[in-house]
Amino acid sequence: MATVTIWKQPATLDDLNRMTEGNLMGHLGIRFTEIGDDYLVATMPVDHRTQQPFGLLHGGASVALAESMGSVGSHLCIDTARYYCVGLEINANHIRSVRSGLVKGIARPLHLGRRTQVWDIRIYDEQDRLVCISRLTLAVLAYQE
């Protein structure tokens, strides 16, 4: 039986990780580690770049990981010659603190519409305990001719 995928843009992990170079994702050490049929997995270190002054993972860093993953996922799900996606809203519930190591995000779409997308991003610590739940809503916009 053929595998069904949501991706409209072919991409490899090397392609996705090249997208992190020279921007916030690269600065925070975000690395894509898996492309599934309907999900993306990425990691981010918990270190001086992503910790708040008290030594814990900064909530904003978790949100940056979530928005980065959902944005990249949204890009892979559209005809990029005709459309682009921009974030409309993101929320996050911080469930557990993390002091060091790596966190892993798993991004899955909840809705892939013609005009909007909604992504669920769950972030886990190295013991696979839930750290953060985030939902990202994006607008799908057409390029003007």
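From a predicted model like this one, the values you see are computed outputs, not experimental measurements.

Caption draft 1: A look at the pattern of salt bridges. Within this structure, the stated rule accounts for 5 salt bridges. A salt bridge links Arg49 to Asp47, with the nearest nitrogen and oxygen atoms 2.7 Å apart. One salt bridge in this structure joins Asp128 and Lys104, with 3.5 Å as the shortest N-O distance. Remark: Lys104 occurs in strand β4 (residues 101-112) and Asp128 occurs in the loop between β5 (116-124) and β6 (130-142); sequence separation between them is 24 residues.

Caption draft 2: Region of interest: the UniProt feature "domain: Thioesterase" (unreviewed entry) in the protein chain. In the numbering used here, UniProt assigns the feature "domain: Thioesterase" (unreviewed entry) to residues 54-132. End-to-end, the C-alpha atoms of residues 54-132 are 18 Å apart, and along that stretch the chain is 23% helix and 46% strand.

Caption draft 3: Summary view of the side chain of Gln9. You can see Gln9 is positioned in the segment before α1 (13-18). Here Ile78 takes part through its backbone oxygen, which lies 2.7 Å from a polar atom of the side chain of Gln9. With near-sequence residues (within four places) excluded, Gln9 lies in contact with His75, Leu76, Ile78, Asp79 and Thr80.

Caption draft 4: Quick peek at the sheet that holds strand β1 (residues 31-35). Read from one edge of the open sheet, 6 strands run β1-β2-β4-β5-β6-β3, paired in antiparallel fashion. Each edge of the open sheet is held by one strand with a lone partner, namely β1 and β3 (83-94). Averaged over all adjacent pairs, the angle separating strand axes in this sheet is 25 degrees, with direction ignored. Inspection of the sheet shows β3 paired to β6 by 11 bridges, in the antiparallel sense. Opposite Ile90, over in β6, you have Leu136 as the bridge partner.

Caption draft 5: The pairing of β5, seen in detail. The element β5 is largely enclosed, with a buried count of 7 among its 9 residues. Here 8 bridges tie β4 to β5, and the two strands are oriented antiparallel to one another. Bridge assignment links Leu112 to a residue of β5, and that residue is Gln117. From the end of β4 to the start of β5, which pair antiparallel, there are 3 residues. Where β5 lies against β6, 9 bridges are found, and the strand directions are antiparallel. Bridge assignment links Ile121 to a residue of β6, and that residue is Ser134.

Caption draft 6: Structural view of the environment of Gln117. Summarising the element assignment, Gln117 is placed in strand β5. Owing to a relative accessible area of 2%, Gln117 belongs among the buried residues under this scheme. Residues Gln117 and Leu138, 21 residues apart in the sequence, show an inter-C-alpha distance of 5.1 Å. Setting aside anything within four residues of it in sequence, one finds Gln117 in contact with Ser74, Cys77, Ile78, Cys85, His111, Leu112, Leu136, Thr137, Leu138 and Val140. At 2.8 Å, the side chain of Gln117 forms a polar contact with the side chain of Trp119.

Conventions we followed
Residues numbered from 1 in each chain as written. Predicted model: local features only at pLDDT ≥ 70, side-chain atom pairs only at ≥ 80, totals over all residues. Heavy atoms only, no water. Salt bridge = Lys/Arg side-chain N within 4 Å of Asp/Glu carboxyl O. Helix = DSSP H or I, 4+ residues; strand = E, 2+ residues; numbered from the N terminus. UniProt positions renumbered as here; feature names shortened; annotations may be inferred. Polar contact = N/O pair within 3.5 Å; in protein donor to acceptor, adjacent residues only side chain to side chain. Contact = heavy atoms within 4.5 Å. Pairing = 2+ DSSP bridges. Axes fitted to C-alpha atoms, helices over the stretch in contact; angles between N-to-C directions. Buried < 20%, exposed > 50% of the residue type's maximum accessible area, 1.4 Å probe, protein only.

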